[in-house]
Amino acid sequence: MPRYAQLVIGPAGSGKSTYCSKVAKHCDVIKRSVQVVNLDPAAEYFDYPVLSDIRDLIHIDDAMEDASLNFGPNGGLIFCMEFFASNFDWLHEQLDEQEDDYILFDCPGQIELYTHIPVMKQLVAQLEAWDFRVCAVFLLDAQFLVDAAKFVSGSLTALSTMVNLEVPHMNVLTKMDLLSKSAKKDLERYFEPALSNLLMEEFDEQDFGSKFFSLNKAMANLLDDFSLVHFVPLDYSDEESINNLLFQIDSTIQYGEDLEPRELKEPLDPSEAEDHDDSSYNF
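In the annotation of an unreviewed UniProt entry, the protein is listed under the name GPN-loop GTPase 3 and assigned to Lymnaea stagnalis. Regarding the protein, the relevant UniProt record gives this comment under Subunit (unreviewed entry): "Binds to RNA polymerase II (RNAPII)."

The structure is reproduced here in structure tokens:
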């Protein structure tokens, strides 16, 4: 049986650990089995139970306190992730093989890991070798989408990540529950945007400067031409919002399609078939 995984990625502060916590609690309520693995060696706090924690293998303090390495926070984090990439056997031992495994990987917030450093791509290849179907869930904080230029920047980062990881991909606007109703309404234009039109609406060429306007417009046209980057809003105060996102992710990795209905607990007597209701079936 295949196994399933979400790589929860995105910039620092986009809400990756919160996402893992909320989804894990939601799945617990609906009686769905989901496990969480922490892959952030610099994590200080999370409020979900972990199946495995990379800090048991290596902690960022190990790299930063080593005088021979003399790393800062960013260099230390990359060192830890490259060390992790050379020790994937540790992760394999941590992942208990159970029927219908579904695992959320809470990843670090250093964006270089997803855009051009090969560590996460190597992790994807390893998970696929272990028969995982992987979806990358890229989170972007909705509160920072105050103008189209920042949205273009976030969209380019998402596109770069999609090209680098080469797996099914879902882009998510987080923290929608922290916005006012008017702000939520205003953000609807970003869900499936024509970015070149957004820029024309939002910027006056004379005020913005012709050089930078042309640059932003060229990048927006690039995104429009690819037509790959779309965002799904996520509002934790709305259970339907969480359900909708999970449904879309499950569809991309074909979760549950290989499961077969279980057999009846007891054979049915044909004479009782008309009076029988579906509650006797165990699916």
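Side note on helix H12 (residues 239–252)
The terminal C-alpha atoms of H12 lie 20 Å apart, and with 14 residues this matches the ideal 20 Å at 1.5 Å per residue to within 8%. Regarding H12, the residues found buried are Ser241, Ile242, Leu245, Leu246, Ile249 and Asp250. An end-on view of H12 places all buried positions within 165 degrees of arc, on one side of the element. Seen from the open side of H12, the exposed residues pointing more than 90 degrees away from its buried face are Glu240 and Phe247. Packing partners of the buried residues in H12 comprise strand E1 (3–9), helix H1 (16–29), strand E4 (102–106), strand E5 (132–141), strand E6 (169–174) and strand E7 (231–233). N-capping of H12 is provided by Asp238, with a side-chain oxygen placed 3.0 Å from the backbone N of Glu240. Trailing H12 by a residue or two, Gln254 shows a phi angle of about 60 degrees, which is positive.

Definitions and limits used
Residues numbered from 1 in each chain as written. Predicted model: local features only at pLDDT ≥ 70, side-chain atom pairs only at ≥ 80, totals over all residues. Heavy atoms only, no water. UniProt positions renumbered as here; feature names shortened; annotations may be inferred. Helix = DSSP H or I, 4+ residues; strand = E, 2+ residues; numbered from the N terminus. Expected span 1.5 Å × (residues − 1). Buried < 20%, exposed > 50% of the residue type's maximum accessible area, 1.4 Å probe, protein only. Arc of directions from axis to C-beta. Contact = heavy atoms within 4.5 Å. Polar contact = N/O pair within 3.5 Å; in protein donor to acceptor, adjacent residues only side chain to side chain.

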